[in-house]
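# Summary of the model geometry
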Amino acid sequence: MSLVRATVRRDLLLAARNPGEWLNPLMFFLMVAAMFPLAVDPDPAFLAKIAGGIIWVAALLATLLSLDSLYKADVEDGTLEQWLASGESLYMLALAKALVHWLCSGLPLTLMSPVLALMMALPDDAYGALVLSLLIATPILSLLGSVGAALTAGVRSGGLLLSLLILPLYIPVLIFAASAVYHASIGMSFNSQLGFLGAMLALAMCLTPFAAAAALRLNLSR
Amino acid sequence: MWQWLVRLYHRLGSPKWFYELTGKWIIWLALLSGVGMLVGVVMGLLFAPADYQQGDSFRIIYIHVPAAIIAQSGYMIMAVSGAIFLIWRMKMAAWVARAVAPLGASFCLIALFTGAIWGKPTWGTWWVWDARLTSMLILLFLYFGVMALQRAIESEDASHKAGAILSLVGLVNIPIIKYSVDWWNTLHQPATLKLTERPPMHPDMLIPLLIMIVATYLLFALLVILRTRNEILWHERKRSWIQELPEVAARIKGGQR
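In this text, all values refer to a predicted model and were calculated from it rather than measured experimentally.

### Description of the nonpolar core
Counting residues in each nonpolar core, the largest one holds 119 residues, and the members touching the most others are Trp-56, Tyr-71 and Leu-151 of chain A. Tallying contributions element by element places helix 8 (residues 158-185) of chain A first for this core, with 14 residues. Once residues within four sequence positions are removed from consideration, Trp-56 of chain A is found in contact with Leu-130, Ser-133, Leu-134, Ala-137, Thr-138, Leu-141, Val-173, Leu-174, Ala-177, Ala-178 and Val-181 of chain A. With 12 residues, the next largest nonpolar core counts Phe-18, Tyr-19, Met-92 and Leu-245 of chain B among its residues.

### Things to note about the packing of helix 3 (residues 44-67) of chain A against helix 8 of chain A
All names here are of chain A. Between helix 3 and helix 8, the shortest axis-to-axis distance is 9 Å and the interhelical angle comes to 150°. In terms of orientation, helix 3 and helix 8 fall into the roughly antiparallel class. Here helix 3 runs over helix 8; the crossing is right-handed. For the pair formed by helix 3 and helix 8, the contact residues are Lys-49, Gly-52, Gly-53, Trp-56, Val-57, Leu-60, Thr-63, Leu-64 and Leu-67 on the first element and Leu-162, Ser-163, Ile-166, Leu-167, Tyr-170, Val-173, Leu-174, Ala-177, Ala-178, Val-181 and Tyr-182 on the second. Considered class by class, the residues forming the contact of helix 3 with helix 8 number 15 nonpolar, 4 polar and 1 charged.

### Thoughts on the pattern of salt bridges
Residue and element names in this part refer to chain A. All told, the structure shown has 9 salt bridges over all chains when counted by the stated rule. Between Arg-10 and Asp-74 there is a salt bridge, with the nearest N and O atoms lying 3.1 Å from each other. Here Asp-74 lies in helix 4 (residues 72-76) and Arg-10 lies in helix 1 (residues 2-17), a separation of 64 residues in the sequence. Overlapping salt bridges, with partners in common, bring together Arg-10, Asp-11, Asp-74 and Lys-97 in one network.

### Observations regarding helix 2 (residues 15-47) of chain B
Residue and element names in this part refer to chain B. Its 33 residues place the ends of helix 2 44 Å apart at the C-alpha level, agreeing with the 48 Å of an ideal helix rising 1.5 Å per residue. Taken as a whole, helix 2 carries its principal kink of about 35° at Trp-25. Taken residue by residue, helix 2 has Pro-15, Phe-18, Tyr-19, Thr-22, Leu-29, Ser-33, Gly-36, Gly-40 and Gly-44 as its buried positions. Tucked into the core, helix 2 has its buried residues touching helix 1 (2-12), helix 3 (61-88), helix 4 (91-123), helix 7 (203-235), helix 8 (240-243) and helix 9 (246-253).

### Observations concerning the interface of chain A and chain B
On the chain B side, the residues contacting the 27 residues of chain A number 27 residues. Each partner contributes to the roughly 2200 Å² buried at the junction of chain A and chain B, and carbon and sulfur atoms together form 85% of this total. For the chain A face of the interface with chain B, the top three residues by lost area are Leu-169, Ile-175 and Leu-218 of chain A, together amounting to 21%. Between chain A and chain B we count 0 residue pairs in polar contact (both at pLDDT 80 or more) in total. Looking at the side of chain A that touches chain B, the element that brings in the most residues is helix 8 of chain A, giving 11 residues.

### Focus on the packing of aromatic side chains
Scanning all chains against the criterion turns up 9 aromatic pairs over all chains. Note on Tyr-9 of chain B and Trp-88 of chain B: the rings are 5.8 Å apart at their centroids and 70° apart in plane angle, and the pair reads as edge-to-face. Of this pair, Tyr-9 of chain B sits in helix 1 while Trp-88 of chain B sits in helix 3; the two residues are 79 residues apart in sequence, bridging distant segments of the chain. An aromatic cluster of at least three residues, connected via ring pairs, comprises Phe-176 and Phe-196 of chain A together with Tyr-179 of chain B. Sitting above the plane of the Tyr-19 of chain B ring, Arg-229 of chain B keeps its charged end 3.9 Å from the centroid. Across the ring face of Trp-234 of chain B, the terminal group of Arg-237 of chain B is positioned such that the distance to the ring centre comes to 3.8 Å.

### Observations regarding a nonpolar patch on the surface
Residue and element names in this part refer to chain B. On the surface, Leu-38, Val-41, Val-42, Leu-45, Leu-46 and Phe-47 cluster together into a nonpolar patch covering about 610 Å² of accessible area. Within the element layout of this structure, Val-42 appears in helix 2. Accessibility expressed as a relative area gives 34% for Val-42, which makes it partly exposed.

Rules of the game
Residues numbered from 1 in each chain as written. Chains lettered and ligands numbered in written order. Predicted model: local features only at pLDDT ≥ 70, side-chain atom pairs only at ≥ 80, totals over all residues. Heavy atoms only, no water. Core = buried A, V, L, I, M, F, W, Y, C linked by side-chain atoms within 4.5 Å. Buried < 20%, exposed > 50% of the residue type's maximum accessible area, 1.4 Å probe, protein only. Helix = DSSP H or I, 4+ residues; strand = E, 2+ residues; numbered from the N terminus. Contact = heavy atoms within 4.5 Å. Axes fitted to C-alpha atoms, helices over the stretch in contact; angles between N-to-C directions. Parallel < 35°, antiparallel > 145°, perpendicular 65-115°, else oblique. Left-handed = near helix turned anticlockwise from the far one by under 90°. Nonpolar A, V, L, I, M, F, W, Y, C, P; charged D, E, K, R; others polar. Salt bridge = Lys/Arg side-chain N within 4 Å of Asp/Glu carboxyl O. Expected span 1.5 Å × (residues − 1). Bend = angle between axes of the 7 residues up to and from the residue. Buried area = accessible area lost by both parts, 1.4 Å probe. Polar contact = N/O pair within 3.5 Å; in protein donor to acceptor, adjacent residues only side chain to side chain. Phe/Tyr/Trp six-rings, centres within 6.5 Å; stacked < 30°, edge-to-face > 60°. Lys NZ or Arg CZ within 6 Å of the ring centre and 35° of its normal. Patch = residues over 30% accessible without salt bridge, like charges linked within 9 Å, V, L, I, M, F, W, Y side chains within 5 Å. Areas by Shrake-Rupley, 256 points an atom, 1.4 Å probe, with all protein chains shown as cover.

Next comes the structure, spelled out in structure tokens:
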């Protein structure tokens, strides 16, 4: 257990010392979202309708960007081998890595989303739904993504491959989260969507670390 | 019965046994699927009555529906073979999984393509974001992901395992995707395209369809077996039993490799 805590601490420290790694995806998030009004239509009434969806797609893409480096360094410098030699379960490592990834990507995205929502003229009623859906569902993105990151950690130019593997798996999250925001913006209840997202989070928390751990072992046999 | 199944399973793990057994099947599979398709197509295109709403354009179901069914069960086969490989380390299972992936993707493409052709006259558009269309599209993406991953990893064993893990993750996800897409669709465009819900079919239409489904399954089995045999030939090429095969021995003697 202390190894898990040490890993979380080390990775957070690394992120703090090298802020570009988690700031760049955030800036990307902002820029991608800013492209839509420029390309489509800056009319607030129109933006209000698509704001939730755009913010969510941008969040997906930003998450993908930061996933690539999740296990790369650990595989290359032998940290992973040390972890395995310690006898601690890889399941816990996968969970810890996903947690750190969420703290460095999902959480800042969630905190920044109201600013974007303001620029996108999201109706006032939908702010709560947007922040709540991001808060519940971005951990799912990190967990599912950690499987893809583990699978592609040893592959050269694995970033693009990672997106190919993971994006289809993100579709249910996108559907429920965007619909929660949309429902809130037209004044309807969005509890059921949040409920589904919560169920998916529980499922992802139980199952994805198994897959990620199995995938991590592959990097050792290579 | 159980004993027999266990023995069959262990034998299937032997490339040599699989190669020799399926060698006898090829001709029968080819014949049966060929005749079945011929009968099914002739019955479907010439003898089945035209649909009272869609006219003759409905006849594309005789290709569309079998392809869609096989695209879905192909993913299942790929994921289950992957699981067998991960759990029991059976090489044959990994080769089957690798053989199935592009075939399943092809059938998925055929289903989407014929669906688009069908959609144009019946719905007036090539593509709609209908729940079923969307989930087939996502299935195609899942196939692409598995194939891309298998190809990207150089180490043979690791690429098989990675493909298996990804297809299993996808398998768990498929019901969730299916459900969410259905839910999303009913939310956004309730009951616009009810043409997809056919009344119970008349036997004259149904029987050719069933024949086509069986024949296409046989074709799929044939293609999977052929591709798996190729994998066997390639991976076991150094083994003496391969070099003693009549078709291989003749080539080695003739100096062709």
